[in-house]
Amino acid sequence: GVPVGISDGLKEAPGWKAGSRNVAGESRYTKADGCLVAAKARTNQNALARADDRESTIALFEYLDPSILPGYLKTETLQWGASQEGPGRAVEVLALEPAPQPGGRATAVLARLFGTAGSSVYVSISCPDAASLASARSDVVRFLPLVPPAG
C-alpha cells in the first residue's frame, strides 16, 4: 500500500530544464528542442485495480480516455530505482504513441498502475517531430526512473 513515485532526474539531463515540480503530484520539464514532459504519480488508484498490473494499467488508460483500446498499447520498460551510471532493474509499463496529425506534435504516453500499492505513474512526452520524440523518450528512460515504495 506504499505509493510508487518518479525520480526528478530529468532536470539534470543535458538540454532539459525543470518547470513546475511536484504540483499535485506532477512535475514538468522542457528541452531546448521544444520537447515537453509531464511526469505524474497518483495515489488512491485502488478503484482501477484489476486482476494484475497490466489489466489495471489498461483500466487506467481507459479511464483517462475511453477511446483508447487495449490493442493501441505496447509494452515498454522504465528503470526501477536505478542510477544512470549502471544497468538497473526495469519495470514494464504500457505505452501509447498515436500517429501525429499533419502539422501536429509527436507524442507518447508511458504509464503503469501498481494495484498492490494503489498508485500509478504516468509520463507524457510531446515533441515537434518523431526524431526529437525518440531522443526525449531515451532521456525519460534514462533519467526518470520509477522510485520503489519505501516500505
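Use the structure listed above.
Residues numbered from 1 in each chain as written. Predicted model: local features only at pLDDT ≥ 70, side-chain atom pairs only at ≥ 80, totals over all residues. Heavy atoms only, no water.

Chemist: Pulling in residues and values, what's your account of the state of the cysteines?
Modeler: Within the structure shown, the criterion is met by one disulfide. Across the disulfide, Cys35 is cross-linked to Cys127 (sulfur-sulfur distance 2.1 Å). Across the S-S bond linking Cys35 and Cys127, the dihedral sits near 125°, which makes this disulfide right-handed. Within this pair, whereas Cys35 is found in the loop between β3 (26–31) and β4 (36–42), its partner Cys127 is found in strand β8 (residues 119–127), the two being separated by 92 residues in sequence. The exposure class assigned to Cys35 is buried, which follows from its relative accessible area of 0%. Judged by its relative accessible area of 0%, Cys127 is buried. (Disulfide = S-S within 2.5 Å. Helix = DSSP H or I, 4+ residues; strand = E, 2+ residues; numbered from the N terminus. Buried < 20%, exposed > 50% of the residue type's maximum accessible area, 1.4 Å probe, protein only.)

Chemist: Any chance you could break down unusual backbone geometry for me, citing the residues and the numbers?
Modeler: A positive phi angle is found at Asn44, which is not glycine, with a value near 55°. Within the secondary structure, Asn44 sits in the loop between β4 and α1 (53–64). You can call Asn44 exposed: its relative accessible area is 70%.

Chemist: Please give an account of the nonpolar core that cites residues and values.
Modeler: Among the nonpolar cores identified, the biggest contains 28 residues, and Leu10, Trp16, Val37, Phe114, Ile125, Val140 and Leu146 are the most heavily contacted of them. Only β4, β5 (74–80), β6 (89–96), β7 (106–114), β8 and α2 (130–143) provide two or more residues apiece to this core. Among all residues touching Leu146, those that are not within four sequence positions of it are Val4, Gly5, Ile6, Leu78, Gln79, Trp80, Gly81, Val91, Phe114 and Val121. Formed by twelve residues, the second largest nonpolar core is a distinct cluster that contains Leu60, Phe61, Ala111 and Leu113. (Core = buried A, V, L, I, M, F, W, Y, C linked by side-chain atoms within 4.5 Å. Contact = heavy atoms within 4.5 Å.)

Chemist: A description of the pattern of salt bridges should follow, citing residues and the corresponding values.
Modeler: Inspection of every chain in the model, using the stated rule, returns eight salt bridges. Between Arg28 and Glu26 there is a salt bridge, with its nearest N and O atoms 2.6 Å apart. (Salt bridge = Lys/Arg side-chain N within 4 Å of Asp/Glu carboxyl O.)

Chemist: Lay out the pairing of β6 in plain terms, naming residues and giving numbers.
Modeler: As paired elements, β5 and β6 share seven bridges and run antiparallel to each other. Along β6, the bridge assignment pairs Thr75 with Leu94. (Pairing = 2+ DSSP bridges.)

Chemist: Can you tell me about the environment of Ala99, naming the residues and giving the values?
Modeler: With respect to the helices and strands, the residue Ala99 is situated in the loop between β6 and β7. On a C-alpha basis, the gap between Ala99 and Ala130 in space is 9.7 Å, while along the polypeptide they are 31 residues apart.

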